[in-house]
Amino acid sequence: MRYKTPQQRDRACGPTLDRRRFLQGLLASGVAAALPCGLLAPAPAAAKTIAYEGNYDVFRNACPRNCYDTCSIKTYVKDGVIQFVEGAPESTFTHGGLCVKGYSYTRRPYSPDRIKYPMVQQGRGSGNWKRVSWEEAMGRIADKLLEIQDKDGTMLGLGLTKYSGNFGITNYGVEGMLTSLGYTTRFMGTPCWPAGIDAQNYDMGNMWCNDPEDMVDSRYIILWGGNPAWCSVHSMKYIYEARRRGAKVVVIDPILTQTAAKADVFWQVETSSDGALALGMARHILDKGLVDEPWVRANSVGFDAFADYLRSEVSLEWAAQQSGIPAQQIAEVAEEFAQAKPATIWIGYGMQRHVNGGASVRSIDALVAMTGNVGKVGGGARYGHLQTWGFNYHALLQPRPEGAKGFVGGGALKGDFHFAGDEGAVEYTDRSMNINKIAQEILDAKEPPVRVLWVSCKNPMSQDFDRAKLQRAFDSLELVVTVDQFFNETVKQSDIVLPVTTLFEEWTINASYWHYWVGINEQAIQPMYETKSNIEIAAALSKAMNERRPGSCTFPTEIDTRDWMAREFNSGIYDMLGIKDWEDLRQGPRKARMHPAAWHDLKFATPSGKYEFQSELCAEHGHQALPAYKAPRPAYDKLRVLTPHTKFSIHSQFVNLDWMEDFNPKPFVYLHPATAAQRGIASGDMVRVFNKTGEVRLEAKLTDNVPAGCVLMYEAWFRNNDFNCQYLVDDESSDMGAYKTGAPGVAIHDQFADVARA
């Protein structure tokens with residue numbers, strides 16, 4: 001149903017009732033009181049049961065936006081209009097509740113700021129947008145693609161940058177669309193978690209975490225560089241339950257986060273010293289004879305070499321000096337961790353966004369392994385997993401056009417989802433470039449240059465690094481096409497924008513990289529305005545291409561999105577979920593029938609089949625074979641810059657919604673009072689934060705939650721504010737990531753700057 005009558009549109013867009021429900025949902029979940037850098041105790045579950053009056057059509061949805069929790073959602077619709085959402089009670093993980101971002105979803109499809117139609121910008125960056133038909137938009141793009149095909153003899157002049165704006169499985173049809181056009185340029189890798197993925201692959205042969213629900217059985221929990229009270233609110237109930245049963249909770253973080261405030265022990269560690277701290281703990285466990293010798297001898301290789309390294313290169317005092325944590329405290333926690341069974345460490349993604357991030361994760365993995373806590377319920381070195389992602393990738397795997405020519409001499413795509421379906425020996429490949437150095441890669445590309453950039457599920461102008469250089473790179477492009485829902489910073493630098501559906505307007509499937517639940521995403525309402533899903537956009541482009549030059553694009557021109565969602569299932573997925581047909585998921589999400597402990601059979605996927613303290617593969621890839629210390633990036637300015645995301649956003653998503661502005665209206669930079677006093681800065685002052693990469697101006701708030709020597713600002717895109725922290729973040733690489741994701745990560749938290757009153 002499209003909203004053609006004023007009455008129906010008013011019901012959809014009128015803010016009063018829906019905003020009230022949004023606030024009621026937040027109060028019920030206890031998240032409304034949590035402010036940035038706030039330290040609030042957990043709220044009691046005192047909310048009354050909501051009485052649902054009236055008849056609703058109920059649909060199953062799932063949050064697709066790169067969050068640990070990947071919430072299963074029940075969507076209530078009346079007369080074709082979404083009335084409210086709640087967490088699916090069938091999922092023991094989501095457990096009937098959503099986070100503040102999830103409750104704001106009802107605003108998303110009806111936001112007055114939404115992109116409603118295909119539009120062409122008359123002068124990139126001018127803001128002079130003109131509405132066009134889908135036929136005209138696709139025709140302009142097709143003409144340009146055929147032009148570069150004729151000019152270059154290949155389609156390598158077409159680049160794709162895409163990441164986590166929508167992880168619904170059918171949205172991999174964007175990559176399929178590029179494949180169906182020929183050999184193209186792909187920006188590979190991930191800014192999110194690559195160094196840690198490689199580290200866990202070297203140690204265990206894969207990245208595979210325990211079911212987070214088994215944390216209730218943990219006797220000792222270390223949360224290392226993560227803030228689940230903001231980033232995985234549903235995991236906190238397992239941590240609370242474990243503590244109720246007697247577990248001790250330790251948080252290690254440079255910031256006194258909301259999670260840290262709830263811990264039994266908080267270590268405000270020196271940023272990027274995590275590897276040294278883990279090695280110091282390992283040395284003390286070794287000295288005290290607390291190594292789980294039977295586990296190590298039966299299930300690992302290289303431990304003796306690791307022990308020799310610890311004895312010769314690491315001391316408790318050295319670790320204390322590097323980390324800023326007193327030696328006695330390190331010793332106490334190390335002993336407690338080694339003697340508690342099971343004990344677990346949750347490794348956050350922020351702590352591996354450093355030049356030594358992969359090495360640090362390997363040191364923490366070693367700490368868990370040498371105490372015999374890998375493969376145990378309630379134990380494990382928890383990072384992430386892709387065990388439930390075994391779909392067919394029907395939308396992704398498309399054939400090349402006959403006669404397509406591409407890149408010669410290597411550069412084949414890498415990574416768990418970076419495959420194109422080419423089988424056997426192929427003469428050509430796509431051209432692979434580093435997604436974390438997109439600006440430099442575009443500027444350096446020759447024969448052919450990147451002429452056209454397709455942007456989908458991503459907002460590079462807000463999220464990619466060295467914003468000023470990225471602007472120069474965009475200025476060099478002949479055409480920028482962005483598929484999005486809002487006029488964000490990237491859309492402003494585009495020539496054509498195509499309106500894409502929200503999760504409520506498309507069929508797809510969602511799996512988590514953290515918990516073990518899988519759910520379908522039903523089309524709950526008809527697409528608003530003239531929006532299309534990513535695979536429908538691909539079909540429209542294919543039609544335009546083939547009208548102009550038959551055979552130039554292999555993507556089907558007519559598709560049924562529900563049918564394409566169904567084609568992603570296979571017998572393996574059905575067996576794993578214990579269902580006979582995908583339709584069973586319309587009754588609610590299902591949990592994978594997997595052992596709750598990763599590596600429970602102690603059969604590791606490494607070359608030796610065992611846990612590898614000493615990895616020759618790691619050495620072959622240019623790193624140290626042992627989980628040895630790697631120094632941090634030297635400071636190049638007075639203060640370290642930290643740019644995590646807020647409770648109210650996932651990167652550049654959600655903060656732009658008008659409802660979210662009630663809680664998070666503008667950006668701030670957080671300073672320690674001592675840092676501010678040295679510069680004559682008071683709370684509320686406008687300040688400049690500046691370094692060799694650029695400068696931002698925003699209001700200062702003083703708090704001792706951040707250490708002296710740091711400035712903290714949350715990454716976000718505000719619809720009415722030009723703040724962008726990427727003006728201060730360069731594209732320095734982290735140490736690992738290229739092995740499994742195709743490109744190294746980026747040292748997001750190894751940035752430095754100074755601050756002064758504006």
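In case you missed it, the structure is sitting above this.
This is a predicted model, so every value here is computed, not measured.

What counts, and where the lines are drawn
Residues numbered from 1 in each chain as written. Predicted model: local features only at pLDDT ≥ 70, side-chain atom pairs only at ≥ 80, totals over all residues. Heavy atoms only, no water. Helix = DSSP H or I, 4+ residues; strand = E, 2+ residues; numbered from the N terminus. Rg over C-alpha atoms; globule rule 2.2 N^0.38 Å. Buried < 20%, exposed > 50% of the residue type's maximum accessible area, 1.4 Å probe, protein only. Contact = heavy atoms within 4.5 Å. Areas by Shrake-Rupley, 256 points an atom, 1.4 Å probe, with all protein chains shown as cover. Lys, Arg positive; Asp, Glu negative; His and termini not counted. Charge placed at Lys NZ, Arg CZ, Asp CG, Glu CD. Pairing = 2+ DSSP bridges. Phe/Tyr/Trp six-rings, centres within 6.5 Å; stacked < 30°, edge-to-face > 60°. Lys NZ or Arg CZ within 6 Å of the ring centre and 35° of its normal. Salt bridge = Lys/Arg side-chain N within 4 Å of Asp/Glu carboxyl O. Core = buried A, V, L, I, M, F, W, Y, C linked by side-chain atoms within 4.5 Å. Axes fitted to C-alpha atoms, helices over the stretch in contact; angles between N-to-C directions.

*Asks:* Describe in detail the overall build of the protein, supporting the description with residues and values.
*Replies:* When helices and strands are counted, the protein shows 25 helices and 27 strands. Relative to the 2.2 N^0.38 estimate, which gives 27 Å for 758 residues, the radius of gyration of the protein is 25 Å and therefore close to what a compact globule would have. Within the protein, the fraction of its 758 residues that count as buried is 64%. A separation threshold of at least 6 residues defines the contact pool for the protein, and within that pool the share at least 24 residues apart is 76%. Only carbon and sulfur atoms are counted for the fraction: they give 48% of the accessible area of the protein, which is about 26,200 Å². Considering the protein, the positive charge centre built from 80 side chains and the negative charge centre built from 88 side chains are found 4 Å apart.

*Asks:* Explain the sheet that holds strand β19 (residues 517-521) to me, using residue names and the numbers behind them.
*Replies:* Strand order in the open sheet made by the three strands is β18-β19-β20, with antiparallel pairing throughout. For this open sheet the edge positions go to β18 (508-511) and β20 (590-591), each flanked by a neighbour on one side alone. With two bridges joining them, β19 and β20 adopt antiparallel strand pairing. In the strand pairing of β20, Val-518 is matched with Arg-590.

*Asks:* I'd like to hear about the packing of aromatic side chains, residue by residue, with values.
*Replies:* One pass over the full model with this rule turns up 44 aromatic pairs. With a centroid separation of 5.4 Å and 80° between ring planes, the pair formed by Tyr-68 and Trp-346 is classed as edge-to-face. In this pair, Tyr-68 sits in the loop between β1 (57-62) and β2 (72-78) while Trp-346 sits in strand β12 (residues 343-347), placing the two residues 278 residues apart along the sequence. On the basis of relative accessible area, Tyr-68 is assigned to the buried category, the value being 9%. Residues Tyr-68 and Tyr-349 carry aromatic rings whose centres are separated by 5.1 Å and whose planes lie at 5° to one another, so their mutual orientation is stacked. A residue pair is termed long-range when its members are at least 10 positions apart, and Tyr-68 in the loop between β1 and β2 and Tyr-349 in the loop between β12 and α15 (357-370) qualify at 281 residues. The same class applies to Tyr-68 and to Tyr-349, which are both buried. Ring-pair connections join several aromatic residues into one group, and the members of that group are Trp-208, Trp-295, Phe-303, Phe-306, Trp-599, Phe-604, Tyr-611 and Phe-613. Note that Arg-562 overlies the ring of Trp-507, its terminal NZ or CZ placed 5.3 Å from the centroid. Positioned above the aromatic ring of Phe-690, the side-chain terminus of Arg-688 is 4.3 Å from the ring centre.

*Asks:* An account of the pattern of salt bridges is requested, with residue identities and associated values reported.
*Replies:* For the coordinates displayed, the defined rule picks out 51 salt bridges. Taking the shortest distance from any N to any O, the salt bridge between Lys-341 and Asp-292 comes out at 3.3 Å. One end of the pair, Lys-341, is in the loop between α14 (327-339) and β12; the other, Asp-292, is in the loop between α10 (274-287) and α11 (293-299), with 49 residues separating them in the sequence. Look at Asp-292 and you get buried, because its relative accessible area is 16%. Each member of the salt-bridge network shares a partner with another, and the members are Lys-144, Glu-147, Lys-151, Asp-152, Arg-451 and Glu-478.

*Asks:* Can you explain the nonpolar core? Please cite residues and give values.
*Replies:* Residues Ile-222, Trp-224, Phe-306 and Phe-569 are the most contacted members of the largest nonpolar core, which totals 124 residues. For this core, the element with the most residues is α10, which contributes eight residues. Non-local contacts of Phe-306, meaning those with residues more than four positions away in its chain, are made with Leu-279, Ala-282, Ala-366, Met-370, Phe-613, Leu-626 and Pro-627. Core analysis: the second largest hydrophobic core is formed by 38 residues, Met-138, Ala-395, Leu-479 and Val-500 among them.

*Asks:* A description of the environment of Asn-570 should follow, citing residues and the corresponding values.
*Replies:* Looking at the element boundaries, Asn-570 is found in the loop between α21 (561-566) and α22 (571-577). Sequence-wise, Asn-570 and Phe-391 are 179 residues apart; in three dimensions their C-alpha atoms are separated by 6.7 Å. Setting aside residues no more than four positions away along its own chain, Asn-570 makes contact with Gly-390, Phe-391 and Asn-392.

*Asks:* Which residues make up unusual backbone geometry, and what values do they have?
*Replies:* Residues Lys-341 and Pro-342 are joined by a peptide bond in cis, for which omega reads -5°. Residue position: Pro-342 is located in the loop between α14 and β12. Unlike most non-glycine residues, Asn-66 shows phi in positive territory, near 60°. Residue position: Asn-66 is located in the loop between β1 and β2. Positive phi, normally seen in glycine, also occurs at His-95, with a value near 55°. Inspection of the secondary structure puts His-95 in the loop between β3 (81-87) and α3 (100-103).

*Asks:* Requested: an account of the sheet that holds strand β13 (residues 380-382), with residues and values cited.
*Replies:* An order of β10-β9-β8-β12-β13 is seen for the five strands of this open sheet, with the pairing classed as parallel. Both edges of this open sheet fall to β10 (265-268) and β13, since each of them pairs with a single strand only. Taking each pair of neighbouring strands and ignoring which way they run, the sheet shows an average axis angle of 15°. In this structure, strand β9 (residues 248-253) lies alongside β10, joined through four bridges in parallel fashion. Paired with Asp-253 across the two strands is Gln-268, which belongs to β10. Each of β8 (220-224), β12 and β13 is contacted by α15, which is oriented at about 165° to β12, the strand it contacts most.

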